[in-house]
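So you can see what is in the structure, the chains are spelled out below.
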Amino acid sequence: MQVVKVLNNSLVLALNDEGHEIILMGKGIGFHKAAGYRLKKEEVEKVFVLEDRSVSRSIIRLAADVDSVFFEITKKVIDYAKEHWHMQLMDHIYLSLTDHLAYAVRRVREGVIIPDFYALELRRFNEAEFDVGEYALKIVEEKTGIALPEDEASNVAFHFINAQLDHPYNERNRRISQITEEVLTIVRLNFHLTYDRDSITYSRYVTHVRLFAQRLVSGSLLPDDASSQILFEQIHQVLINELACTEKVDRFARETMNTALSNQEKMYLALHIHRVLEDGNKK
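Now for a look at the structure at hand.

Scoring rules and cut-offs
Residues numbered from 1 in each chain as written. Predicted model: local features only at pLDDT ≥ 70, side-chain atom pairs only at ≥ 80, totals over all residues. Heavy atoms only, no water. Phe/Tyr/Trp six-rings, centres within 6.5 Å; stacked < 30°, edge-to-face > 60°. Helix = DSSP H or I, 4+ residues; strand = E, 2+ residues; numbered from the N terminus. Buried < 20%, exposed > 50% of the residue type's maximum accessible area, 1.4 Å probe, protein only. Lys NZ or Arg CZ within 6 Å of the ring centre and 35° of its normal. Pairing = 2+ DSSP bridges. Axes fitted to C-alpha atoms, helices over the stretch in contact; angles between N-to-C directions. Contact = heavy atoms within 4.5 Å. Salt bridge = Lys/Arg side-chain N within 4 Å of Asp/Glu carboxyl O. Left-handed = near helix turned anticlockwise from the far one by under 90°. Nonpolar A, V, L, I, M, F, W, Y, C, P; charged D, E, K, R; others polar.

**With respect to the packing of aromatic side chains**
For step 1, the next point in the chain: For the coordinates displayed, the defined rule picks out four aromatic pairs.
For step 2, the next point in the chain: For the pair Tyr-195 and Tyr-205, a centre-to-centre distance of 5.6 Å together with 50° between the ring planes defines the contact as tilted. Of the two residues, Tyr-195 is situated in the loop between helix 7 (170–191) and helix 8 (200–218) and Tyr-205 in helix 8; the sequence distance between them amounts to 10 residues. Neither residue differs from the other here; Tyr-195 and Tyr-205 are each classed as buried.
For step 3, the next point in the chain: Taken together through their ring pairs, the aromatic side chains of Tyr-195, Tyr-202 and Tyr-205 make up a single cluster.
For step 4, the next point in the chain: One cation-aromatic arrangement involves Lys-33 over Tyr-37; the distance from NZ or CZ to the ring centre is 5.2 Å.

Below is the structure:
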C-alpha cells in the first residue's frame, strides 16, 4: 500500500495493490510520511475501502476540518452495526456519521442542546438502529470525554436507517429524499445559487434539510417555546432574506403535507442557508 496523501497523523489516502484508492487509519500512520511511502501491514489499524470516489474525496476534505478521533469512532460504530446486527451499509455513512458526531460534540461543548422529539418512535420500531445509536454515544464518551444527550442516539439511528439498502423504511425514505430535493431546489432558485456539492458546508446543509424532511414526514417538527421565540425574533432582524426564503418552504410544507413550520424550524433552516450563502460568497 502506497501513500498518496497524508490527511493527518492518523489518516492517509493510499493506493492498494490493485491501484484502488483507500483510506487507511492507524496511530501515527501519517507522522513524517510523504507521498510514495510504502506502508507496512503492521502500521495499518483500519481500512476504509470506498468504491464511491465522491465519498472518498469528501472524507479527504472532512479530514482537514475534523479531529481524526471521530473517524476512529465512526469506524468502530459501523463495525459494531455490521457485526452485531449484520447491516449492509452504503459508503456515504462514513462521511455523514463522522461529520454528525463531530458536530454533536461541538454543540455540547458550546452548551447548545437540541431536543429530539421522535426518540420514542425510533426506539420502538427500529431496535437495531437505536441500539447502534446508544453504542455510538458510549464510544463518543470513551474517546472524547463528552457525554452526548440520550436523545442523540435517535439522530445516529437515522444515519443507519438511511444507509441501508434493504431497510423497511425505504418507501418512507424515498418520500424524505423527495422533500429534501424540493427544499434544496426552492432555496437554490430563490438565491440563484450554484451549490458547491463538494464542500463541507453543503454536506452539513443537506444533512440538516434531510433531518428536517424526516421530522416533517413523521409529524415531529420542532415546537416553539419562549426561548426559541426570543432567538427567532433576534435572528429575524439579521437574516431577513434567509427567513423570507423559509416562508417559501413553509408554503411548500402547507401545500404538500398540510403542515405549517414552527418558527424554530424556520430559524435553524435560515441559519444553514446563511452558511451556504456565506460559503459561496467566500469562494
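**What to know about the sheet that holds strand 2 (residues 11–15)**
For step 1, the next point in the chain: What the four strands build is an open sheet, ordered 1-2-3-4; its pairing is antiparallel. The sheet is open, and its two borders are formed by strand 1 (2–8) and strand 4 (46–49), each paired with just one other strand. The sheet shows a mean angle of 25° between the axes of neighbouring strands, taken without regard to direction.
For step 2, the next point in the chain: Strands in contact with helix 2 (residues 68–85) are strand 1, strand 2, strand 3 (21–25) and strand 4; relative to strand 4, the strand with the most contacts, it is inclined by about 80°.

**Thoughts on the side chain of Glu-265**
For step 1, the next point in the chain: Here Glu-265 lies in helix 11 (residues 263–282).
For step 2, the next point in the chain: What Glu-265 contacts, discounting residues up to four positions off in sequence, is Phe-212, Arg-215, Leu-221 and Leu-222.

**Some points on the pattern of salt bridges**
For step 1, the next point in the chain: Under the counting rule described, the total for this entry stands at eight salt bridges.
For step 2, the next point in the chain: Glu-247 serves as the salt-bridge partner of Lys-266, at 3.1 Å between the closest nitrogen and oxygen. Linking Lys-266 in helix 11 with Glu-247 in helix 10 (residues 240–257), this pair joins segments that are 19 residues apart in sequence.
For step 3, the next point in the chain: Overall, Lys-266 belongs to the buried group, its relative accessible area being 7%.

**Some remarks on the packing of helix 2 against helix 5 (residues 127–144)**
For step 1, the next point in the chain: Where helix 2 contacts helix 5, the two axes come as close as 10 Å, and the packing angle between them is 145°. Here helix 2 and helix 5 pass one another in a crossing that is right-handed. Listed contacts from helix 5 to Val-69, Phe-70, Ile-73, Lys-76, Val-77, Tyr-80, Ala-81, His-84 and Trp-85 of helix 2 are Glu-127, Ala-128, Asp-131, Val-132, Tyr-135, Ala-136, Ile-139, Val-140, Lys-143 and Thr-144.
For step 2, the next point in the chain: Here the contact of helix 2 with helix 5 is composed, by residue class, of 13 nonpolar, two polar and four charged.

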